[in-house]
Amino acid sequence: MSGGLFALLDDVAALAKLAAASVDDVGAAAGRASVKAAGVVVDDTAVTPQYVQGVAAQRELPIIRKIAIGSLRNKLLIILPAALLLSQFLPWVLTPVLMLGGAFLCYEGAEKVWEKLSGHGGAHGADPAASGSPEELERTMVAGAIRTDLILSAEIMVISLNEVAEEAFVSRALILVVVAIGITVLVYGVVALIVKTDDVGLSLTQRSSAAAQKVGRALVAGMPKLLTVISVVGTAAMLWVGGHILLVGVDELGWHAPYDLVHHLEEGAHDALAAVGAVAGWLVNTLASALVGLLVGAVVVAVLHVVPVKRRLGNS
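For clarity, every value in this text was computed on a predicted model and none was experimentally measured.

Undergrad: Tell me what's going on with the packing of helix H4 (residues 94-118) against helix H7 (residues 210-252), and back it up with residues and numbers.
TA: Taken N-terminus to C-terminus, the directions of H4 and H7 make an angle of 150°; their axes are 8 Å apart at the nearest point. One finds that H4 runs roughly antiparallel with respect to H7. When the axes of H4 and H7 are compared, the crossing they make is left-handed. Facing H4, whose interface residues are Thr95, Leu98, Met99, Gly102, Ala103, Leu105, Cys106, Glu108, Gly109, Ala110, Lys112 and Val113, H7 presents Thr235, Met238, Leu239, Val241, Gly242, Gly243, Ile245, Leu246, Gly249, Val250 and Glu252.

Undergrad: Account for the side chain of glutamate 138, naming residues and giving values.
TA: As for its position among the elements, glutamate 138 is in helix H5 (residues 134-163). On the basis of relative accessibility, which here comes to 11%, the residue glutamate 138 falls in the buried class. Apart from residues no more than four positions distant in its own chain, glutamate 138 is found in contact with Arg59, Ile63 and Lys66.

Undergrad: Any chance you could break down the pattern of salt bridges for me, citing the residues and the numbers?
TA: This model, assessed by the stated rule, comprises four salt bridges. Here glutamate 60 makes a salt bridge to lysine 196, at a shortest N to O gap of 3.4 Å. Of this pair, glutamate 60 sits in helix H3 (residues 57-89) while lysine 196 sits in helix H6 (residues 169-205); the two residues are 136 residues apart in sequence, bridging distant segments of the chain. Its relative accessible area of 11% is what places glutamate 60 among the buried residues. A salt bridge links lysine 66 to glutamate 138; the nearest nitrogen and oxygen atoms lie 3.0 Å apart. With a gap of 72 residues between them, lysine 66 in helix H3 and glutamate 138 in helix H5 connect regions that are remote in the sequence. Beyond isolated ion pairs, a larger network of salt bridges with shared partners links Arg59, Lys66 and Glu138.

Undergrad: I'd like a rundown of the packing of H3 against H6, residues and numbers included.
TA: Running from N to C, H3 and H6 cross one another at 160°; their axes reach a closest spacing of 10 Å. The angle between H3 and H6 falls in the class roughly antiparallel. Note that H3 runs across H6; the crossing there is right-handed. Partitioning the contact of H3 with H6 into residue classes produces 19 nonpolar, four polar and five charged.

Undergrad: Would you mind going over the packing of aromatic side chains in detail, with residue names and values included?
TA: Evaluated as defined, the whole model comprises two aromatic pairs. Plain terms: the ring middles of phenylalanine 104 and tyrosine 107 are 6.1 Å apart, the flat faces sit at 50° to each other, and that makes the pair tilted. Of this pair, phenylalanine 104 and tyrosine 107 both sit in helix H4, separated by three residues, roughly a single helical turn. A relative accessible area of 25% means that phenylalanine 104 is categorised as partly exposed. Note on tyrosine 107: relative accessible area 13%, which makes it buried. Ring plane angle 75° and centroid distance 6.0 Å describe the contact between tryptophan 240 and tryptophan 282, whose orientation is recorded as edge-to-face. Residue tryptophan 240 is found in helix H7, and its partner tryptophan 282 is found in helix H9 (residues 277-315); the two are separated by 42 residues along the sequence. Given the relative accessible area of 27%, tryptophan 240 is considered partly exposed. For tryptophan 282, a relative accessible area of 46% translates into the label partly exposed.

Undergrad: Which residues make up a nonpolar patch on the surface, and what values do they have?
TA: A contiguous nonpolar patch, built from Leu273, Val276, Val279, Trp282, Leu283 and Leu287 and spanning about 590 Å² of accessible area, is present on the exposed surface. In this fold, valine 276 is placed in the loop between helix H8 (257-272) and H9. Given the relative accessible area of 47%, valine 276 is considered partly exposed.

Undergrad: Residues and numbers for the nonpolar core, please.
TA: Soluble globular proteins tend to pack their nonpolar side chains together in the buried interior. One finds Ile63 and Met157 to be the most contacted residues of the largest nonpolar core, which totals 30 residues. Put simply, the parts of the chain that give this core at least two residues each are H3, H5 and H6. No other element matches H6, which puts ten residues into this core. Not counting residues within four places of it along the chain, the set of residues in contact with isoleucine 63 comprises Val52, Val55, Glu138, Met141 and Val142.

Undergrad: Please give an account of H6 that cites residues and values.
TA: Compared with the 54 Å implied by 1.5 Å per residue over 37 residues, the 54 Å span of H6 between its first and last C-alpha is a close match. The largest bend in H6 amounts to roughly 40° and is located at lysine 196.

Rules and cut-offs
Residues numbered from 1 in each chain as written. Predicted model: local features only at pLDDT ≥ 70, side-chain atom pairs only at ≥ 80, totals over all residues. Heavy atoms only, no water. Axes fitted to C-alpha atoms, helices over the stretch in contact; angles between N-to-C directions. Helix = DSSP H or I, 4+ residues; strand = E, 2+ residues; numbered from the N terminus. Parallel < 35°, antiparallel > 145°, perpendicular 65-115°, else oblique. Left-handed = near helix turned anticlockwise from the far one by under 90°. Contact = heavy atoms within 4.5 Å. Buried < 20%, exposed > 50% of the residue type's maximum accessible area, 1.4 Å probe, protein only. Salt bridge = Lys/Arg side-chain N within 4 Å of Asp/Glu carboxyl O. Nonpolar A, V, L, I, M, F, W, Y, C, P; charged D, E, K, R; others polar. Phe/Tyr/Trp six-rings, centres within 6.5 Å; stacked < 30°, edge-to-face > 60°. Patch = residues over 30% accessible without salt bridge, like charges linked within 9 Å, V, L, I, M, F, W, Y side chains within 5 Å. Areas by Shrake-Rupley, 256 points an atom, 1.4 Å probe, with all protein chains shown as cover. Core = buried A, V, L, I, M, F, W, Y, C linked by side-chain atoms within 4.5 Å. Expected span 1.5 Å × (residues − 1). Bend = angle between axes of the 7 residues up to and from the residue.

Now the structure itself:
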């Protein structure tokens, strides 16, 4: 009897170890998938604070919470089922879909560059001239933010799915659930910290301590610079990730020359700078991918913005 009990306990322990290993595998795969979506995550983090510009301080966190809930709903109820069905029954569609997302990233990045150079930057926050009650304006703002998030979330989930496409169906589903929840918490947690840092800094400036006042003034003065850095990094990341997706995509579809050229340049930099070869190779690959992203994005921006403007000017 005792022997049977010990055997049963051994089996339970073995199953527990197997389950723990499976959880570790899912966590590790989710981590790898999330890293590949880093460019979109940074952009999502950079874009979202703009939605609460001009909003009363006491409404900032409630609005971010509503957007975060909408973002999680987008990922789990809309994008996740569609992505899993495609990966299960039409896996060949994933590469073209991923390339469409990559092209959109290139367009978004190039459009930000164009807006900076032309001085026609877009604002995502509430329109001060808009009419309606504060509640209606808030609902409109949240709905617009959630619609924009749907595109960014779709890119995040498809990029992540592409990294775990070889996993079993259940593993894929679990990994994407982990990615969806983890990235949503990360993005909107960071956004909440960013938008409330001004309030923390202002509160510190009102303290009696000179050191607290100094830190408070530094926080208030530093936030615009931090948002600028995040925006620049987000733009660069979109061009890099979008360009890399397109290079890998055309290679998988049979056009090998562009990816082979970048790979050749990467290996050349690696071999020429042996001491820092890995870093040099990565930089070359990243810069080449970003250049491809900028070129593709510039073409889309020209088609959607520059050409129509010139036509209107020519007809006027």
